[in-house]
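# Coordinates in review
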Amino acid sequence: TYTNKFKLVRGKDIVERYLLDDLWETDKIDTLYNQSSFLLAKIVPTSYTRVSTMGNAAVWNLLMTTWSYEKGLAIPIPDANESFSGGLARCYRKGLNKRIVKLDFASLYPMLQLTYGIFPQFDITGVIRMMLLYMSTTRNIYKNLANGNVLKPDQVELLKIIDEPIYHKYVSNEPFSDEEKNLFKVKQLPIKIINNSLFGALGSAIAFNWSDNVCASRITCS
């Protein structure tokens, strides 16, 4: 009597549908939010799966470990886990404020490091500074191209090395399409993540073998 109203389903089928739903949802979320991890995997010497699950300090640790093995250098012992001065935050007036001004410093922490030479003493080859300088300049190139800004002479020279077709188009004063400008925004994203995560790595103790609490504190105090 219940033949046309109910359908018998095995537990195996229910579990299979549940797992397929999990995979479908994960795939959709990955497409929306994990683009930066995919781009980061093209820079960092490891798999996309590991990049998606590792912390930012681990990214720098992997870069530095790879460099050390290639150059025959020893891996330093990380700095002790100690507290240091964080960013200054103050609220001087409570309630509704209508006249608000926002000042945003572009790449504040990386630029402080490059300007004042704030780098860990354990990096005896100075490669962290070279990496940060290269990636900061590269990121600013794509950021300026996306916003239609004029590049500095040193940025033009680097653009010729990293992206020759775009370089020829830029020096020829050919306009970039909206699609190309969107691509520039995408390209600068993983570099921004690496640059900004160096401060966290320096103060992360065991997560980064080149961690240096003095450097981390100098950045925020500066």
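## A look at unusual backbone geometry
Positive phi values are uncommon outside glycine, yet Asn173 reaches one of about 60°. Along the chain, the position of Asn173 falls in the loop between helix H8 (164-171) and helix H9 (178-202). Classification of Asn173 by relative accessible area gives exposed; the value is 68%. Positive phi is not limited to glycine here, since Ala205 has a value of about 60°. The topology assignment puts Ala205 in the loop between H9 and helix H10 (213-221). The class of Ala205 is buried, set by a relative accessible area of 5%.

## Section: the packing of helix H6 (residues 127-147) against H9
The geometry of H6 relative to H9 is characterised by a closest axis approach of 8 Å and an angle of 150° between their N-to-C directions. Considered as vectors, H6 and H9 are oriented roughly antiparallel to each other. Between H6 and H9 lies a crossing whose hand is left-handed. Of the residues in H9, those in contact with Ile128, Leu132, Met135, Ser136, Thr138, Arg139, Tyr142, Lys143, Leu145 and Ala146 of H6 are Lys181, Phe184, Lys185, Lys187, Gln188, Ile191, Lys192, Ile194, Asn195 and Leu198. For the contact of H6 with H9, a count of residues per class yields 10 nonpolar, four polar and six charged.

The rules we used
- Residues numbered from 1 in each chain as written.
- Predicted model: local features only at pLDDT ≥ 70, side-chain atom pairs only at ≥ 80, totals over all residues.
- Heavy atoms only, no water.
- Helix = DSSP H or I, 4+ residues; strand = E, 2+ residues; numbered from the N terminus.
- Buried < 20%, exposed > 50% of the residue type's maximum accessible area, 1.4 Å probe, protein only.
- Axes fitted to C-alpha atoms, helices over the stretch in contact; angles between N-to-C directions.
- Parallel < 35°, antiparallel > 145°, perpendicular 65-115°, else oblique.
- Left-handed = near helix turned anticlockwise from the far one by under 90°.
- Contact = heavy atoms within 4.5 Å.
- Nonpolar A, V, L, I, M, F, W, Y, C, P; charged D, E, K, R; others polar.

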